[in-house]
Amino acid sequence: MGRVVVILTTAAAVVACSVATVMVRRRVKRRRKWRKVVGLLKELEESFETPLERLRQMVDAIAVEMQAGLVSEGGSKLKMLLTFVDDLPNGSERGTYYALHLGGSYFRIIRVHLGGQRSSLEVQDIERHSIPTSLLNSTSEVLFDFLASSLQRFIEKEGHESISSQDVKRELAFTFSFPVKQTSLSSGVLIKWTKGFAISEMAGEDIAECLQGAVDRRGLDIHVAALVNDTVGALSYGHYHDPDTIAAVVVNMEWGNFWSSRLPRTSYDIELDAESLNSNDMGFEKMIGGMYLGDIVRRVILRMSQESDIFGPISSILSTPFVLRTNSVSAMHEDDTPELHEVATILKHLGVSKVPLKVRKLVVKICDVVTRRAARLAAAGISGILKKLGRDGSVGEGRRRSSDKQMMRRTVVAVEGGLYSNYRMFREYMDEALRDILGEDVARQVVIKAMEDGSSIGSALLLASSHSVRTISNI
């Protein structure tokens, strides 16, 4: 009997030892995987770093590129485009005006009424619509017929007291968020598409005529009277409310195509660019734009999944470009629940479920690294514009920063877009970087004003302003 007990005891000890060995091996394996992920995170932080000296070099480069673009056409990747806008609205404008804004994945239609005073601006109606992805690479006729049909429905729902009951032709400003070479306030040809659009037949076409043709085909009594870049519209709206507004993010130059060897470009940026519809183009925009930040975060998570299974099996959803949007990045980054429930929910939508809390914290850190770089680069872009305009506290190019506070005037920069307005951490990082670059004294004089629908409303204001000028000229 004693021998049996000894044998059983020995067997149990062997089993226990085997189980312990397996458990130890698993723990060691997990630790190795985690160390691998920690190494990838450190590599990410280092490659996305934006030290102050690098940012200041970018500021100088942007100011130089702006000057080169002004000196000669094609002299810079920053296209310093003429706007044919001679005056900004001053509050005396009157009448009812319309605007249609074609942005990236959306468009807006608005109607505003102006009563001759700044306080009398009334946005009477506004609609926001998504653009079906099928239209991004369709034909110009299909795209503009879609816009015209939406405009028709917008007008048909107007009340009897609207402009439709008057013997007056509606005037519309077409706000266009793509690079255009303008030939007048109301006409301009498309230079190239950005933001995912790829309708090749439209290059060189007059954008205003395309919309006017679609409107005419539907028999609408509308005149496309102004073609306005979205940032010029934002500048107009900002100036209407605050005359100290001297720039919008960003004045009518396509800063998305800015390039410098000082930009912290990484393998994730290179892969995103190579797989985009406009590869080797708009490199700066792809590092800071709200359209792209979500996909950069997705690519980082995907790589960590490929090199370590801490996220579990790689899902086909996670491998889909642009499946992670920037508003989801914002929600994860700013998740303040103890268990990071929002992070868990969004990861589940990406096919990644049941990840431990420390992995969810890792995802928050990834969002932080990517967003911080974008915000600091955007701050460098704004500072470059201020430097070119002489509003960065310097006496002049090549001179030392002035200590004379009389040289520092209040400067308002109008900013439009959910990235700044709705993403608190992006906003805080950008404001912090502006203080770092400009210094506290100058930064106090720089006011960043977020505006909702500013580019659309501002375009209508520009149309009204030009109408007032024409009326005065005809007197």
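Coordinates for the structure precede this section.
Residues numbered from 1 in each chain as written. Predicted model: local features only at pLDDT ≥ 70, side-chain atom pairs only at ≥ 80, totals over all residues. Heavy atoms only, no water.

Side note on empty space enclosed by the protein
Empty space among the atoms becomes apparent when a probe as large as a water molecule is rolled across them.
Then, number 1: Applying the stated rule across the entire model yields 2 cavities of 30 Å³ or more.
Then, number 2: Its volume calculated, the second largest cavity comes out at about 40 Å³.
Then, number 3: Forming the boundary of the second largest cavity are Arg265, Asp269, Leu272, Asp273, Gly283, Lys286 and Met287.
Then, number 4: Residue assignment for the lining of the second largest cavity shows that the elements contributing at least two residues are α6 (267-274) and α7 (285-288).
Then, number 5: A per-class count over the lining of the second largest cavity returns 2 nonpolar, 1 polar and 4 charged. (1 Å grid on protein atoms, 1.4 Å probe; cavity = no way out; pocket = protein on both sides within 12 Å on 5 of 7 lines; lining within 4 Å. Points joined across faces, edges and corners; volume = space filled by probe spheres on them. Helix = DSSP H or I, 4+ residues; strand = E, 2+ residues; numbered from the N terminus. Nonpolar A, V, L, I, M, F, W, Y, C, P; charged D, E, K, R; others polar.)

Considerations on the packing of aromatic side chains
Then, number 1: According to the stated counting rule, one finds 14 aromatic pairs in the structure shown.
Then, number 2: With a centroid separation of 6.5 Å and an interplanar angle of 55°, the aromatic rings of Phe48 and Tyr268 are classed as tilted. Taken together, the positions of Phe48 in the loop between α1 (2-47) and α2 (52-71) and Tyr268 in helix α6 put the pair 220 residues apart, joining distant regions of the chain. The pair Phe48 / Tyr268 is uniform in exposure class, with both members buried.
Then, number 3: Arranged with centres 5.5 Å apart and planes meeting at 80°, the rings of Phe258 and Phe284 form a pair that is edge-to-face. Note that Phe258 is positioned in the loop between β8 (245-248) and α6 and Phe284 in the loop between α6 and α7, a separation of 26 residues in sequence.
Then, number 4: Accessibility expressed as a relative area gives 0% for Phe284, which makes it buried.
Then, number 5: An aromatic cluster is built from Phe144, Phe174, Phe176, Phe178, Trp193 and Phe197, whose rings are joined through pairwise contacts.
Then, number 6: The ring centre of Phe48 lies 4.0 Å from the NZ or CZ of Arg373, which sits over that ring. (Phe/Tyr/Trp six-rings, centres within 6.5 Å; stacked < 30°, edge-to-face > 60°. Buried < 20%, exposed > 50% of the residue type's maximum accessible area, 1.4 Å probe, protein only. Lys NZ or Arg CZ within 6 Å of the ring centre and 35° of its normal.)

Quick word on the nonpolar core
Then, number 1: Met304, Phe311, Ile366, Phe426 and Met430 are the most contacted members of the largest nonpolar core, which totals 76 residues.
Then, number 2: The element best represented in this core is helix α11 (residues 357-388), accounting for 17 residues.
Then, number 3: Judged by nonpolar contacts, the second largest core, of 35 residues, contains Phe107, Phe178, Ile199 and Leu211. (Core = buried A, V, L, I, M, F, W, Y, C linked by side-chain atoms within 4.5 Å.)

Quick notes on the environment of Ile366
Then, number 1: Position of Ile366 among the secondary structure elements: in helix α11.
Then, number 2: On the basis of relative accessibility, which here comes to 0%, the residue Ile366 falls in the buried class.
Then, number 3: Remark: the alpha-carbon pair of Ile366 and Arg298, spanning 68 residues in sequence, is separated by 9.5 Å.
Then, number 4: If we ignore the near neighbours within four places in the chain, the residues touching Ile366 are Leu44, Val297, Val300, Ile301 and Met304. (Contact = heavy atoms within 4.5 Å.)

Observations concerning the pattern of salt bridges
Then, number 1: One pass over the full model with this rule turns up 30 salt bridges.
Then, number 2: The partner of Asp242 in a salt bridge is Arg410, and the shortest N-O contact between them spans 2.8 Å. With a gap of 168 residues between them, Asp242 in the loop between α5 (230-241) and β8 and Arg410 in the loop between α11 and β9 (411-416) connect regions that are remote in the sequence.
Then, number 3: For Asp242, a relative accessible area of 7% corresponds to the buried category.
Then, number 4: Linking Glu307 and Arg303 is a salt bridge whose minimum nitrogen-to-oxygen distance equals 3.1 Å. Here the residue Glu307 and the residue Arg303 both occupy positions in helix α8 (residues 290-307), the gap between them amounting to 4 residues, near one helical turn.
Then, number 5: Among the residues examined, Glu307 registers a relative accessible area of 34% and is labelled partly exposed.
Then, number 6: One continuous salt-bridge network, built from bridges that share partners, spans Arg108, Arg128, Glu416, Glu452 and Asp453. (Salt bridge = Lys/Arg side-chain N within 4 Å of Asp/Glu carboxyl O.)

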